[in-house]
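Below, each chain spelled out in residue letters.
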Amino acid sequence: PSGVGKTHLLQAIAHAWLQDQNRGEAGYVTYNNLSNACVSAVWSNSTAALHKALLSFGFLGFDDIHFLNGKNRTQEELLIVIDAALDSGKQVVIAGELPPAKLAEAGINQRLADRLAGGICAPIHPGDESLRLSVLQKRVEQSPAARRISDEALGYIARTFTQSTRETIGALNQLLLMYGAEEVLVDLDEAKSVLKSRLDDRRRAATIDDAIEAGAEAFGLKLEDMTGRSQPQRIVRARHAVVWCAREVLKESFPRIGKALKRDHTTVMSSYRRAQALIERDKAFQDGVKRIREALEG
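(A) Seen up close, the overall build of the protein. Along its length, the protein carries 16 helices and 5 strands. By the compact-globule yardstick of 19 Å for 298 residues, the protein is too spread out, its C-alpha radius of gyration being 25 Å. Its C-alpha atoms give the protein principal-axis dimensions of about 75 × 50 × 35 Å. Evaluated residue by residue, the protein yields a buried proportion of 40% over its 298 residues. Taking the contacts inside the protein whose residues are at least 6 apart along the sequence as the reference set, 69% of them involve residues at least 24 apart. Total accessible area computed for the protein in this model is approximately 16,800 Å², and 50% of it derives from carbon and sulfur atoms. Taking the 40 positively charged and 38 negatively charged side chains of the protein as two groups, their mean positions are separated by 5 Å.

(B) Looking closely at the sheet that holds strand β3 (residues 91-94). The sheet built from 3 strands is open, its strands ordered β1-β2-β3 with parallel pairing. With partners counted over all chains shown, the strands left at the sheet margins are β1 (26-30) and β3, one partner each. Sheet twist, expressed as the mean angle between neighbouring strand axes with direction ignored, is 15°. By the bridge criterion, 4 bridges tie strand β2 (residues 59-63) to β3 in an arrangement that is parallel. Directly across from leucine 60, in β3, lies its bridge partner valine 92.

(C) Region of the structure containing the nonpolar core. The biggest cluster of nonpolar side chains holds 29 residues, and the ones touching the most others in it are Met226, Cys245, Ile257, Ile292 and Leu296. Of all the secondary structure elements, the ones that give two or more residues to this core are α11 (208-218), α13 (233-248), α14 (254-261), α15 (265-281) and α16 (283-297). It is α13 that provides the largest number of residues to this core, a total of 8 residues. Not counting chain neighbours up to four residues away, the residues in contact with methionine 226 comprise Ile212, Gly215, Ala216, Leu221, Ala238, Arg239, Val242, Leu261 and Arg263. Counting 21 residues, the second largest nonpolar core, distinct from the first, contains Leu60, Ile65, Leu78 and Ala85.

(D) A look at helix α3 (residues 47-54). Listed in full, the buried residues belonging to α3 are Leu50, His51 and Leu54. End-on, the buried residues of α3 take up no more than an arc of 100°, which puts them together on one face. Exposed residues pointing more than 90 degrees away from the buried face of α3 are listed as Ala48 and Lys52. The elements touched by buried residues of α3 are β1, α2 (31-43), β2 and α4 (72-87).

(E) Spotlight on the side chain of histidine 51. Note that histidine 51 resides in helix α3. The contacts of histidine 51, once residues within four sequence positions are left out, are Glu77, Ile80 and Val81.

(F) Region of the structure containing the pattern of salt bridges. With the rule as written, the count across this model stands at 10 salt bridges. When the shortest N-O distance is used, the salt bridge between arginine 159 and glutamate 294 registers 2.6 Å. Here arginine 159 is found in helix α8 (residues 151-160), whereas its partner glutamate 294 is found in helix α16, with 135 residues between them in sequence. Summarising the burial analysis for this pair, arginine 159 and glutamate 294 share the class buried. The shortest N-O distance in the salt bridge between arginine 256 and glutamate 252 comes to 2.6 Å.

(G) The arrangement of the packing of aromatic side chains in detail. For the structure on display, the rule yields 4 aromatic pairs. With a centroid separation of 5.6 Å and an interplanar angle of 65°, the aromatic rings of phenylalanine 254 and tyrosine 272 are classed as edge-to-face. Within this pair, whereas phenylalanine 254 is found in helix α14, its partner tyrosine 272 is found in helix α15, the two being separated by 18 residues in sequence. Each member of the pair, phenylalanine 254 as well as tyrosine 272, carries the same accessibility label: buried. Above the plane of the ring of phenylalanine 254 lies arginine 247, whose end atom (NZ or CZ) is 4.2 Å from the centre.

Cut-offs and rules
- Residue positions are counted from 1 within each chain, in the order its sequence is given.
- Residue-level local features of this predicted model are given only where pLDDT is at least 70; pairs of side-chain atoms are given and counted only at 80 or more, and the full residue set underlies all totals for whole chains, interfaces and linings.
- Only hydrogens and water are set aside when side-chain values are computed; all heavy atoms of the structure are taken into account.
- In this description a helix means any DSSP run of H or I spanning at least four residues, a strand means any run of E spanning at least two, and both kinds are numbered starting from the N terminus.
- As defined in this context, the radius of gyration uses C-alpha atoms, and a globule is described by 2.2 Å times the residue total to the power 0.38.
- For the exposure calls, accessible area comes from a 1.4 Å probe over protein chains only, and a residue counts as buried if that area is under 20% of its type's maximum, exposed if over 50%, partly exposed in between.
- Contacts are residue-level and defined by heavy atoms, with any inter-residue pair within 4.5 Å sufficient.
- Method for areas: the Shrake-Rupley scheme with a 1.4 Å probe, in which residue coverage is limited to the protein chains shown.
- In summary, the charge assignment counts Lys and Arg as positive and Asp and Glu as negative, without counting His or the chain termini.
- To locate a charge, take atom NZ for lysine, CZ for arginine, CG for aspartate or CD for glutamate.
- Being paired, for any two strands, means DSSP has found at least two bridges between them.
- Lines are fitted to the C-alpha atoms to define the axes, a helix being fitted only along its stretch in contact, and any angle between axes, read from their N-to-C directions, falls within 0 to 180 degrees.
- Buried residues of nine kinds, namely Ala, Val, Leu, Ile, Met, Phe, Trp, Tyr and Cys, make up a nonpolar core once their side-chain atoms join them within 4.5 Å.
- What the arc describes is the spread of directions from the helix axis to the C-beta atoms.
- Counted as salt bridges are all cases of a side-chain nitrogen of Lys or Arg within 4 Å of a carboxyl oxygen of Asp or Glu.
- Stacked, edge-to-face and tilted labels apply to pairs of Phe, Tyr and Trp rings (six-membered ring for Trp) whose centres lie within 6.5 Å, assigned for plane angles under 30 degrees, over 60, and everything in between, in that order.
- Our definition puts a charge over a ring when NZ of Lys or CZ of Arg is within 6 Å of the ring centre and also within 35 degrees of the ring normal.

Take a look at the structure:
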């Protein structure tokens, strides 16, 4: 899907290719570049020259192929180039939002989709919190500005802005632009204040399902663990935290919480009491509850 780093990975592969100078040059082609070049080549009767230019590269990377739906002539020319490139031992890597089988359904030439199906199809999933945090830390390290962002503020951004890596980076950029060259330390409270408007723009009413999802991420579990029958202590503690947040933050009833977690309301009431006890004495549990609250409250 959008924002998971397809273009980043495609360009990284091209840079890795270039490290071996014996492999030849690398070409990176966007769908828009390709479409415009094909239109020009057809009008000027120079499609052979276009093929030759593209095939001069040892590596060809085509980005956002799904946007070529409806551009039949461009797809035909791309298929010719891919066939010729593979026949001559060149490397072709293509990025898109759909696997080959789905591309045909979305309007991509069936022969082109079949050709892509003959290669390795690698799905890219959205980054988890640890990856988002690593990206933020690297961005801050590389930034030349004098202001610093606290670890707590970076952790808050990584936990809160999760729709895509672009959104995560955008929240950090807002902080960086806000303080510019000031020699200040941006702490958690300051970050929340600055980013409040960004959250307000996309905020919707949180639900019990949101609490369950946030609980799974906060405690490092799978979503199905939260509603399953398994009873290991780490899963049970995560459920306690979700029950407490659903009750205190979302103001939900015990029967509704129980229905979402596939438990009866008396079990949920017991879980709530245990959560209250854990909050008073268990730092790790407190941290988990804090992260769920942040996800629900923004």
